[in-house]
Amino acid sequence: MSTQPKQFNIHEDWTVVILGFIIIGISLFIFLPEVPVFSWSNTSDLFTKVFDLANLKILLIQFLYLISIGTIGAFLIGRSVKYFLFTFPIVYLLTIIALILAGNSAIKSINLEAVIFSLIIGLAIGNFFKLPEWFRSSLSTEVFVKIGLVLLGTGVIFSDILKAGSLGLIQALVVVISVWYFAFWLCRKLKVDDELTMMISSAVSICGVSAAIATSGAIKGDSKKLSYVISIVLVTAIPMMIFMPIIAKYFNFPEEVTGAWLGGSIDTSGAVAASGTLVGETALKISTIVKFSQNVLLGLAAFAISVYWTYSHNTTSEAVESKPTLKVIWERFPKFVIGFIGASLIFSFLITPETRDSVKDSLKNLQGIWFALAFTSIGLETNFKDLLSNNSRKPLYAFLIAQLFNVIVTLIIAFLLFS
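Residues numbered from 1 in each chain as written. Predicted model: local features only at pLDDT ≥ 70, side-chain atom pairs only at ≥ 80, totals over all residues. Heavy atoms only, no water.

S.K.: Would you mind showing me how to read the overall build of the protein chain here?
M.R.: Each helix and strand in the protein chain was counted, giving 21 helices and zero strands. Relative to its 419 residues, the protein chain shows a buried fraction of 55%. Within the protein chain, contacts between residues separated by at least 24 positions form 79% of all contacts whose residues are at least 6 apart in sequence. (Helix = DSSP H or I, 4+ residues; strand = E, 2+ residues; numbered from the N terminus. Buried < 20%, exposed > 50% of the residue type's maximum accessible area, 1.4 Å probe, protein only. Contact = heavy atoms within 4.5 Å.)

In structure tokens:
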């Protein structure tokens, strides 16, 4: 079988903007999906809370909600709705299993995120079972994750960042610029290819997975390379979020410094929150603000990368002169960034705090489930052998060295600004 595109289609990035704002509009004016329960400590909890009839009903409604949005997306993009309707229930079921595993209290105590289980489950099935090509090609990885990124904008509230003063923004700017250029220089020295160089530089300096995906969208990157970078980010985030708080406590770093260090160094927002919680309330607050400050830079960074990539990888067919036109830049610009920024502006300046508080948990849950669905899909379509090949060593070395540089530079800046 093969998935033949339809004649009617809308660009994928515009589609996710449409879908993201449909979800936001539904949440604000029509229907606010309940947040399902995944927390459990023992077998009794599992059956009385997670597998409770009321919670299963919430999960069923969530499934119908998500598959409806996804079906609209498949139609607008021009993919086979038939194959999407077949693959999505499988991806959703695997993702729910990952969320249930991550909801266990013992798992929570070591700060393992649901997306890690989503990726592991997807990798296990995708590498131990031969999936048909039509199944792999009908996975909507980028659509899922870009919808999550648009919804992420609803949680990036400018007033919350400004309340903490300018220190978080100053640190974010200094760290992002210095670490990005160091990682870029290092990748060039190690002769890493251009696409991986851009993804690694953004992932290690801005906000990990989200930055890698945004950069891939800006440069129209290869999905296998993106999967490789995401895998590195998730794997390295685990020891960082566990050992950095231990180091901070051992050397008696002030909580403000520790929070700024964690928020600027650890690549995923969930891991930042988890590690900040291990230190204290002040560290959690500062780390979240610093990470939010970096998230705000995501849209600007994606735009800058898109312009740079267009100029540095121009072909004669794209422009009459030696430099590409504004039309070419616009064509390559990742449109989903508009959705991210638009959602942030709406929730920062047009939505009342009361309304924002009433919908934030539901929207955060939807954002999380779209990300988890994306990581399950990434695992299903990724060949684990590719991640361990000889060609993967230099990018891995580049990421690890750049991450070490990031940890050191961020700690120095955190002491200068927050001690």
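Right, picking up where we left off after that structure.
S.K.: Help me understand the nonpolar core, please; the structure alone is not making it clear to me.
M.R.: As a rule of thumb, soluble globular proteins bury nonpolar side chains together. By size, the foremost hydrophobic cluster in this structure holds 109 residues, and its most contacted members are Ile23, Leu66, Phe88, Val229, Trp370 and Leu373. If we ignore the near neighbours within four places in the chain, the residues touching phenylalanine 88 are Phe63, Leu66, Ile67, Phe144 and Leu373. With 19 residues, the next largest nonpolar core counts Val272, Ala283, Leu411 and Ala414 among its residues. (Core = buried A, V, L, I, M, F, W, Y, C linked by side-chain atoms within 4.5 Å.)

S.K.: Whenever I open this one, the packing of aromatic side chains confuses me. Can you help?
M.R.: In this description, an aromatic ring pair is defined by two values, namely the gap between the centres and the angle between the planes. Under the definition given, this model contains 20 aromatic pairs. Taking the centre distance of 6.0 Å and the plane angle of 20° together, the rings of phenylalanine 251 and phenylalanine 253 count as stacked. When its relative accessible area of 18% is taken as the criterion, phenylalanine 253 is described as buried. (Phe/Tyr/Trp six-rings, centres within 6.5 Å; stacked < 30°, edge-to-face > 60°.)

S.K.: It is not clear to me how the packing of helix α4 (residues 81-102) against helix α19 (residues 353-381) should be interpreted in this structure. Could you clarify?
M.R.: Two quantities define a packed helix pair, namely the angle between the axes and the distance from one axis to the other. Between α4 and α19, the shortest axis-to-axis distance is 9 Å and the interhelical angle comes to 110°. Overall, the two elements α4 and α19 adopt an arrangement that is roughly perpendicular. Counting all contacts with α4, which are made through Phe88, Val91, Tyr92, Leu94, Thr95 and Leu99, the residues of α19 involved are Ile369, Ala372, Leu373, Thr376, Ser377 and Leu380. Classifying every residue of the contact of α4 with α19 gives nine nonpolar, three polar and no charged. (Axes fitted to C-alpha atoms, helices over the stretch in contact; angles between N-to-C directions. Parallel < 35°, antiparallel > 145°, perpendicular 65-115°, else oblique. Nonpolar A, V, L, I, M, F, W, Y, C, P; charged D, E, K, R; others polar.)

S.K.: Mind showing me how you'd approach the side chain of glutamine 367 here?
M.R.: Take glutamine 367: it is sitting in helix α19. Apart from residues no more than four positions distant in its own chain, glutamine 367 is found in contact with Gly148, Leu151 and Leu152.

S.K.: Quick question: what am I supposed to make of the pattern of salt bridges here?
M.R.: Within this structure, the stated rule accounts for seven salt bridges. Two residues, lysine 146 and glutamate 12, come together in a salt bridge whose shortest N-O distance is 3.1 Å. A residue pair is termed long-range when its members are at least 10 positions apart, and lysine 146 in helix α8 (residues 141-152) and glutamate 12 in helix α1 (residues 12-29) qualify at 134 residues. Here lysine 146 falls in the buried class, since its relative accessible area comes to 3%. Of the charged contacts, one joins lysine 225 and glutamate 195 as a salt bridge, the two residues approaching to 3.9 Å between their closest N and O atoms. Placement of the pair is lysine 225 in helix α13 (residues 223-250) and glutamate 195 in helix α11 (residues 194-207), with a sequence separation of 30 residues. The class of lysine 225 is partly exposed, set by a relative accessible area of 26%. The class for glutamate 195 is buried, based on a relative accessible area of 18%. Through salt bridges that share partners, Glu12, Asp13, Arg79 and Lys146 make up one connected network. (Salt bridge = Lys/Arg side-chain N within 4 Å of Asp/Glu carboxyl O.)

S.K.: Help me understand unusual backbone geometry, please; the structure alone is not making it clear to me.
M.R.: With the exception of glycine, most residues fall at negative phi, and the peptide bonds are largely trans. In this model, lysine 191 sits at a positive phi of 60°, which is unusual for a non-glycine residue. By the element assignment, lysine 191 lies in the loop between α10 (167-189) and α11. By relative accessible area, which is 71% here, lysine 191 ends up exposed. Unusually for a residue other than glycine, asparagine 252 sits at a positive phi of about 60°. With respect to the secondary-structure elements, asparagine 252 resides in the loop between α13 and α14 (255-265). The class for asparagine 252 is exposed, based on a relative accessible area of 65%.

S.K.: Mind showing me how you'd approach the confidence of the model for the protein chain here?
M.R.: Note that predicted coordinates carrying low pLDDT should not be read in detail. Residues of the protein chain with pLDDT of at least 70 account for 86%, and the chain-wide mean is 82. Put simply, helix α20 (residues 384-387) is where the protein chain has its lowest mean pLDDT, 62, and helix α3 (residues 53-77) is where it has its highest, 95. Low confidence marks residues 1-6, where pLDDT is under 50. Its contacts with residues over four positions away, or in another chain, come to 14 contacts. (pLDDT = per-residue confidence, 0-100.)

S.K.: Help me understand the packing of α4 against helix α6 (residues 114-128) in this model?
M.R.: At a minimum axis distance of 8 Å, the contact between α4 and α6 shows a crossing angle of 135°. Considered as vectors, α4 and α6 are oriented oblique to each other. With respect to the hand of their crossing, α4 and α6 are arranged in right-handed fashion. For the pair α4 and α6, contact is made by Leu94, Thr95, Ile97, Ala98, Leu99, Leu101 and Ala102 and by Ala114, Phe117, Ser118, Ile121 and Ile125, respectively. A per-class count over the contact of α4 with α6 returns 10 nonpolar, two polar and no charged. (Left-handed = near helix turned anticlockwise from the far one by under 90°.)

S.K.: Quick question: what am I supposed to make of α4 here?
M.R.: In an α-helix there are 3.6 residues to a turn, and that puts residues three or four apart on one side. With 22 residues, α4 extends 31 Å between its outermost C-alpha atoms, agreeing within 8% with the 32 Å of an ideal straight helix rising 1.5 Å per residue. The largest bend in α4 comes to about 25°, at threonine 87, with the proline proline 89 one to four residues further on. Put simply, serine 80 is the residue that caps the front of α4, since its side-chain oxygen is 3.4 Å from the backbone nitrogen of lysine 82. (Expected span 1.5 Å × (residues − 1). Bend = angle between axes of the 7 residues up to and from the residue. Polar contact = N/O pair within 3.5 Å; in protein donor to acceptor, adjacent residues only side chain to side chain.)

S.K.: Would you mind showing me how to read the environment of leucine 139 here?
M.R.: As for its placement among the helices and strands, leucine 139 is situated in the loop between α7 (133-137) and α8. Residue class for leucine 139 comes out buried when judged on its relative accessible area of 5%. A C-alpha to C-alpha distance of 7.3 Å links leucine 139 and phenylalanine 84, two positions 55 residues apart in sequence.

S.K.: In this structure, what is going on with α8? I would like to understand it.
M.R.: In a regular helix each residue adds 1.5 Å, so 12 residues correspond to 16 Å; α8 covers 17 Å between its end C-alpha atoms and thus fits that length. Burial of α8 is extensive: 11 of the 12 residues sit out of reach of the surface. Within the sequence span of α8, burial applies to Thr141, Val143, Phe144, Val145, Lys146, Ile147, Gly148, Leu149, Val150, Leu151 and Leu152.

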